[in-house]
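# Reading the structure
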Amino acid sequence: MQTLHPSNASGRRKNYLPAIDCPLEGAQVKSFYLTTAIDYANGSPHLGHAYEKILADAIVRSRRMEGVPCHFVTGLDEHGQKVQETAERAGIPPQQLCDGVAEDFQSMCHLMQVHYDDYLRTTQPRHVATVRGILSKLYESGSIYKAPYNGLYSVRAERFVQEKDKVDGRWPEDFGEVIELREENYFFKMKEQRLWLIDFLQKNDSFIFPSYRQKQVLEFLAEPINDLCISRPKSRLSWGIELPFDSNYVTYVWFDALINYISAVGYGTERFNDFWPADVEVIGKDILVPAHAVYWPIMLRAIGLEMPRKLVVHGWWLAKGGEKMSKSVGNVVHPIDYAKVYGSDAFRYFVLSEMNVGQDSNFSHELFVARYRADLSNDLGNLLSRTVHMLDRYCESTVPAIEIKESQEEKLMDAAEKAIADTRECCRDFNFSGALAATFNLVRAANRYLESRSPWKLFGGNGEGNATASTSLAMCAECIRICASLLTPAMPAAAEKIFAQIGSEKCDDWRQLLWGNSLEGKRVGERTILFPRIGDE
Ligand code: MSP
């Protein structure tokens, strides 16, 4: 692997799609490095977690289809007050709690076909050592200093609170007694970086996707910012990474967690240059400001590292009526149950096609069922099963040649070429909803074509009729092959099954995906129902 540093003149040119926003000319070989938020270890996986990891997985799979070497990291955020409290309530050591939660999140990923390359847990020695190394470096360079902190402290909630936390002018019940507390803490210098950060964002106006989120960050930066308190006294919180220069304190959880993006790829070792900067960091909108758009760039600058190339910020999944999902309201969607009942391909299809990255979406069971039926069982499932069924029945289970080319065939070929171009472009733009719509346009065009050719009426007639009929099945088989390839990032297992049924090799390189006659003479596989019909439960 070559280093990515611009000064590395010997770096080989990329022969694949450039990293996002990085011009092809002059770009050098490095893995397309994608990270996601690391999930908090104080709960179980929910729809938001599942969606983010599926989105990340689809981005990586689509880059791999373009021949780009990728490295995909996700993980678990294990330290902090909430984890400590959850473990205390459960009467177990925090590490034991985290071990169980890590298993739950990893098995959710496996069930959802999220194929990460690395899973970083913030209690792993490689991460702890990196955080401590960085803290020492920043302390020595004067970016971290100690100072007294005066504030209002809730004894029951065990945290500093602010006047704005008051409800109707009173402290909420669960704060218990609120006292004035003076505490010594360590601070990371951020204040004086504000103007640099504004300048960086103005010069890199596609740093945050979608771009309107970048404006929100600039609005936030219009006001002065404070230095960041990066320590917690052990008397209040013990579950954290001990500061290397003061054993009475642990590290603030966000400062610890953000470093995962570099500890996962060997910060401080040679290998690191094969990955950093991250090409894409996928996060939800709630953790953009200030964590990823303010703390993280300033931390990276202090460490002396390049900024990630892009933050992809997705919106929130809300319950049916647009409300926040909550256990007490009872409107929580359980992604694992959906994947178990309807299959993870169907679940992935729904969330990727339903959410426009950036905006919020409502999850409704009725809509899930409607789309499952209309798109998957009917449009895609019917095209596949009718085509394979007729190939079995009329063509000795073998894909015939495309013998004739009339305007109907030309039209379908154009539709296929458009679907390939549009799907690839949408995937590059993180627009999976658009990508799936483009692919399904081809599915529907093929269904209409099949209906209009009606090969079942032509077989057994005269020679010309037979040629038209067999051509129409070969045309549909070719469309199905193309659709399977285009669906691979969103529905990897279903795509493989479709290839097998149509007697095709897997096509997992979009640079080779062209309309052709590659299936001629191929024997179709065993017919199975990919998306069984579902009842009105
Ligand atoms: N641990 C922090 C992230 C640290 S990254 C250095 C965290 N964890 S989280 O478990 O609360 O959230 C993990 C990710 O899931 C975040 O990107 C968050 O935005 C996303 N989601 C959590 N709930 C969500 C929805 N309801 N909908 C979509 N995604 C949301 O934040």
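Scroll up a little and you will see the structure.
The paragraphs below set out a description of the structure included in this document. (Residues numbered from 1 in each chain as written. Predicted model: local features only at pLDDT ≥ 70, side-chain atom pairs only at ≥ 80, totals over all residues. Heavy atoms only, no water.)

### Some points on the overall build of the protein chain
From N to C terminus, the protein chain includes 17 helices and 16 strands. Considered along the principal axes of its C-alpha atoms, the protein chain spans approximately 95 × 60 × 40 Å. A burial count over the protein chain gives 56% of its 537 residues as buried. Nonlocal contacts in the protein chain, meaning residues at least 24 apart in sequence, comprise 74% of its contacts between residues at least 6 apart. Within the structure as shown, the protein chain displays about 23400 Å² of accessible surface, and the carbon and sulfur contribution to it stands at 48%. Here the protein chain holds 61 positive side-chain charges and 71 negative ones, and the gap between their average locations is 1 Å. (Helix = DSSP H or I, 4+ residues; strand = E, 2+ residues; numbered from the N terminus. Buried < 20%, exposed > 50% of the residue type's maximum accessible area, 1.4 Å probe, protein only. Contact = heavy atoms within 4.5 Å. Areas by Shrake-Rupley, 256 points an atom, 1.4 Å probe, with all protein chains shown as cover. Lys, Arg positive; Asp, Glu negative; His and termini not counted. Charge placed at Lys NZ, Arg CZ, Asp CG, Glu CD.)

### Things to note about the packing of aromatic side chains
Evaluation of the coordinates by the stated rule reveals 37 aromatic pairs. Measuring from ring centre to ring centre gives 5.6 Å for F188 and F255, while their planes differ by 65°; the resulting arrangement is edge-to-face. Within this pair, whereas F188 is found in strand β7 (residues 178–188), its partner F255 is found in helix α7 (residues 253–258), the two being separated by 67 residues in sequence. The interplanar angle of 25° and the centroid separation of 6.3 Å between the aromatic rings of F363 and F368 together place this pair among those described as stacked. (Phe/Tyr/Trp six-rings, centres within 6.5 Å; stacked < 30°, edge-to-face > 60°.)

### Here we look at the site of the ligand
Near the ligand, the surroundings consist of 23 residues, among which I38, E52, D77, D286 and W317 are the closest. Here an oxygen atom of the ligand sits 3.0 Å away from a polar atom, N or O, in the main chain of Y40. Between the ligand and W317, the relevant distance is 2.8 Å, taken from a nitrogen atom to a main-chain nitrogen or oxygen of the residue. When the ligand sits alone it has 660 Å² of accessible area, and the protein chains cover 93% of it. Grouping the amino acids of the shell around the ligand by side-chain chemistry returns eleven nonpolar, eight polar and four charged. (Near = heavy atom within 4 Å. Polar contact = N/O pair within 3.5 Å; in protein donor to acceptor, adjacent residues only side chain to side chain. Nonpolar A, V, L, I, M, F, W, Y, C, P; charged D, E, K, R; others polar.)

### Regarding helix α1 (residues 47–65)
Here α1 contains 19 residues, and its C-alpha end-to-end distance of 26 Å stays within 8% of the 27 Å for a straight helix at 1.5 Å per residue. Taken across its 19 residues, α1 has 17 buried, putting it largely inside the fold. (Expected span 1.5 Å × (residues − 1).)

### Examining the pairing of strand β4 (residues 118–121)
Residue alternation in β4 divides its side chains into two sets, D118 and L120 and Y119 and R121, and both sets are buried. Inspection of the sheet shows strand β3 (residues 70–77) paired to β4 by four bridges, in the parallel sense. In the strand pairing of β4, V73 is matched with D118. (Pairing = 2+ DSSP bridges.)

### What to know about the sheet that holds strand β11 (residues 242–243)
The sheet built from three strands is open, its strands ordered β10-β12-β11 with antiparallel pairing. Either end of the sheet is taken by a strand with one partner, and the two such strands are β10 (231–233) and β11. Relative to strand β12 (residues 246–251), β10 is paired through three bridges, and the arrangement is antiparallel. Paired with R232 across the strands is V250, a residue of β12.

### Quick notes on the pattern of salt bridges
For the coordinates displayed, the defined rule picks out 31 salt bridges. Between R61 and D57 there is a salt bridge, with its nearest N and O atoms 2.6 Å apart. Here R61 pairs with D57, and both are found in helix α1, just four residues apart, close to one helical turn. Taken as a pair, R61 and D57 share a single burial class, namely buried. (Salt bridge = Lys/Arg side-chain N within 4 Å of Asp/Glu carboxyl O.)

### With respect to the packing of helix α13 (residues 407–428) against helix α16 (residues 463–487)
Contact pair α13 / α16: the axes reach a minimum separation of 10 Å and the direction vectors enclose 5°. The angle between the axes of α13 and α16 places the two elements in the roughly parallel class. For the pair α13 and α16, the contacting residues are E409, L412, M413, A416, A419, I420 and T423 in the first and T471, M475, C479, I482 and L486 in the second. Taken together, the residues of the contact of α13 with α16 sort by class into nine nonpolar, two polar and one charged. (Axes fitted to C-alpha atoms, helices over the stretch in contact; angles between N-to-C directions. Parallel < 35°, antiparallel > 145°, perpendicular 65-115°, else oblique.)

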